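# Structure at a glance
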Amino acid sequence: MLVDSHSHFDAPEFDPDRAAALARARAAGVTRQVVPAVSAASWPKLRDVCAQDSGLFPAYGLHPMFLADHRPEHLEELRAWIERERPVAVGECGLDYFVDGLDRDRQHAYFDGQLQLAREFDLPLIVHARRAVDAVIAAIKRAGGLRGVVHSFSGSPEQARQLWDLGFLIGLGGPVTYERANRLRTLARTMPLEFLLLETDAPDQPDAGIRGQRNEPSRLPVIRDVIAELRGVSPDEIARVTTRNAEQLFTLPAD
């Protein structure tokens, strides 16, 4: 059985066929999904989607790419949501230095606020770090006492080691299936499995087999198989260890 550690299953792309997509995921052995939020406006729908199936687990946060939607009061609203809804994580949160026009000071204000909420509620973080891994590491160090995952990791081996030392795992998904992703594939081949989570980031980041199409959680075995081949181990070994990692990080109930 597999855990998709990062799926935006509440996204409107799944509105026409969410039940069918969930059935395909289960048929593929993906029995649980962690579903992170992107903005305060998305929290109610995300809660309702996750309430429809025992294998969907919500996380609530403020994504840096949706900076225009965020307001300072949303951090206090997030505290209330976490206290009431008891999610498995805080997120998706983080920093994005890739997209033009995203004010970095405002990004840091929301990210730091969510780091503090994760400490307050003793929850793991789901972190977005695009062209900003060093800044994310520095913020995590300043806050202290945190754990979580940097999803869709694209940094260096040294940055990965720093994250592991801080109690963070890394999530790998569709990008690792592309043959030209040499640095990422080297990391997947050599990193300690105890720090690895599998993810699809559905409906985004499709694997090489469905390039340009909508991604969905049923594609997670493709990522498992590629990493298994890179490492020269069985797919069952990758599934066993990454499922255990997800269960431990997010305190998921037994499948």
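The structure reproduced in this document is the subject of the present report. Nothing here was measured: the structure is a model prediction, and the numbers come from that model. (Residues numbered from 1 in each chain as written. Predicted model: local features only at pLDDT ≥ 70, side-chain atom pairs only at ≥ 80, totals over all residues. Heavy atoms only, no water.)

Further remarks concern the nonpolar core. Leu125, Phe153, Leu163 and Ile227 are the most contacted members of the largest nonpolar core, which totals 74 residues. For Leu163, the residues in contact, after removing those within four places along its chain, are Val133, Ile137, Ile140, Val150, Phe153, Phe168 and Ile170. By size, the runner-up hydrophobic cluster in this structure holds 14 residues, among which are Val149, Leu169, Leu197 and Leu249. (Core = buried A, V, L, I, M, F, W, Y, C linked by side-chain atoms within 4.5 Å. Buried < 20%, exposed > 50% of the residue type's maximum accessible area, 1.4 Å probe, protein only. Contact = heavy atoms within 4.5 Å.)

Every buried residue of helix α6 (residues 157-165) is listed here: Gln159, Ala160, Leu163 and Trp164. The buried residues of α6 all sit within an arc of 140° when viewed along its axis, so they share a single face. On its buried face, α6 sits against α5 (133-143), β6 (148-150), β7 (168-172) and α7 (182-190). Among the residues trailing α6, Gly167 stands out with phi positive, at a value near 90°. (Helix = DSSP H or I, 4+ residues; strand = E, 2+ residues; numbered from the N terminus. Arc of directions from axis to C-beta.)

The next thing to look at is the packing of aromatic side chains. Any pair of aromatic rings gets described here by the distance separating the centres and the angle formed by the planes. This structure, assessed with the given rule, holds five aromatic pairs. Summarising the aromatic geometry, the rings of Trp164 and Phe195 are spaced 5.1 Å apart at their centres and angled 10° between planes, so their arrangement reads as stacked. A residue pair is termed long-range when its members are at least 10 positions apart, and Trp164 in helix α6 and Phe195 in the loop between α7 and β8 (196-198) qualify at 31 residues. On the basis of relative accessibility, which here comes to 12%, the residue Trp164 falls in the buried class. Following the ring pairs from residue to residue traces out a cluster consisting of Trp43, Tyr60 and Trp81. Its guanidinium or amino end placed over the ring of Phe9, Arg18 lies 6.0 Å from that ring's centre, counting from NZ or CZ. (Phe/Tyr/Trp six-rings, centres within 6.5 Å; stacked < 30°, edge-to-face > 60°. Lys NZ or Arg CZ within 6 Å of the ring centre and 35° of its normal.)

Our focus in this paragraph is the pattern of salt bridges. Any two side chains of opposite charge can pair if their charged atoms end up close together. Evaluation of the coordinates by the stated rule reveals 19 salt bridges. Put simply, Arg219 and Asp207 hold a salt bridge, and the shortest N to O gap is 2.9 Å. Placement of Arg219 in the loop between β8 and α8 (220-231) and of Asp207 in the loop between β8 and α8 is noted, with a sequence separation of twelve residues between them. By relative accessible area, which is 1% here, Asp207 ends up buried. Across the pair Arg224 and Asp225 runs a salt bridge, and its minimum N-O distance is 2.8 Å. (Salt bridge = Lys/Arg side-chain N within 4 Å of Asp/Glu carboxyl O.)

Moving on, we come to the packing of helix α2 (residues 43-51) against helix α3 (residues 73-85). Across the interface, α2 lies against α3 with an axial gap of 12 Å and an inter-helix angle of 20°. When the axis of α2 is compared with that of α3, the two are roughly parallel. Like other packed secondary-structure pairs, α2 and α3 cross with a definite hand, here right-handed. For the pair α2 and α3, the contacting residues are Trp43, Pro44 and Arg47 in the first and His74, Glu77, Leu78, Trp81, Arg84 and Glu85 in the second. Broken down by class, the residue content of the contact of α2 with α3 amounts to four nonpolar, one polar and four charged. (Axes fitted to C-alpha atoms, helices over the stretch in contact; angles between N-to-C directions. Parallel < 35°, antiparallel > 145°, perpendicular 65-115°, else oblique. Left-handed = near helix turned anticlockwise from the far one by under 90°. Nonpolar A, V, L, I, M, F, W, Y, C, P; charged D, E, K, R; others polar.)

Our next topic: the sheet that holds strand β4 (residues 89-96). Overall, parallel pairing links the eight strands, which are arranged β1-β2-β3-β4-β5-β6-β7-β8 in an open sheet. The sheet is open, and its two borders are formed by β1 (2-4) and β8, each paired with just one other strand. When the angles between neighbouring strand axes are averaged without regard to direction, this sheet yields 30°. With three bridges joining them, strand β5 (residues 125-130) and β6 adopt parallel strand pairing. Bridge pairing in β6 places Ile126 opposite Val149. Along the sheet face, α5 touches β4, β5 and β7 and points at about 145° away from the line of β5. (Pairing = 2+ DSSP bridges.)

Take the side chain of Asn215 next. Tracing the chain through its elements places Asn215 in the loop between β8 and α8. Asn215 gets classed as buried once you look at its relative accessible area, which sits at 1%. A distance of 3.2 Å separates the side chain of Asn215 from the backbone oxygen of Gln205, its partner in a polar contact. The residues contacting Asn215, other than those within four sequence positions of it, are Phe14, Thr200, Ala202, Pro203, Asp204, Gln205, Pro206 and Ile210. (Polar contact = N/O pair within 3.5 Å; in protein donor to acceptor, adjacent residues only side chain to side chain.)

With that settled, the discussion passes to the environment of His8. Inspection of the secondary structure puts His8 in the loop between β1 and α1 (18-27). You can call His8 buried: its relative accessible area is 9%. Between the C-alpha atom of His8 and that of Ala188, which follows or precedes it by 180 residues, the distance is 23 Å. With near-sequence residues (within four places) excluded, His8 lies in contact with Phe14, Val35, Pro36, Val38, Glu92, Asp201, Ala202 and Pro203. Side chain to side chain, His8 and Glu92 meet in a polar contact 3.1 Å long.

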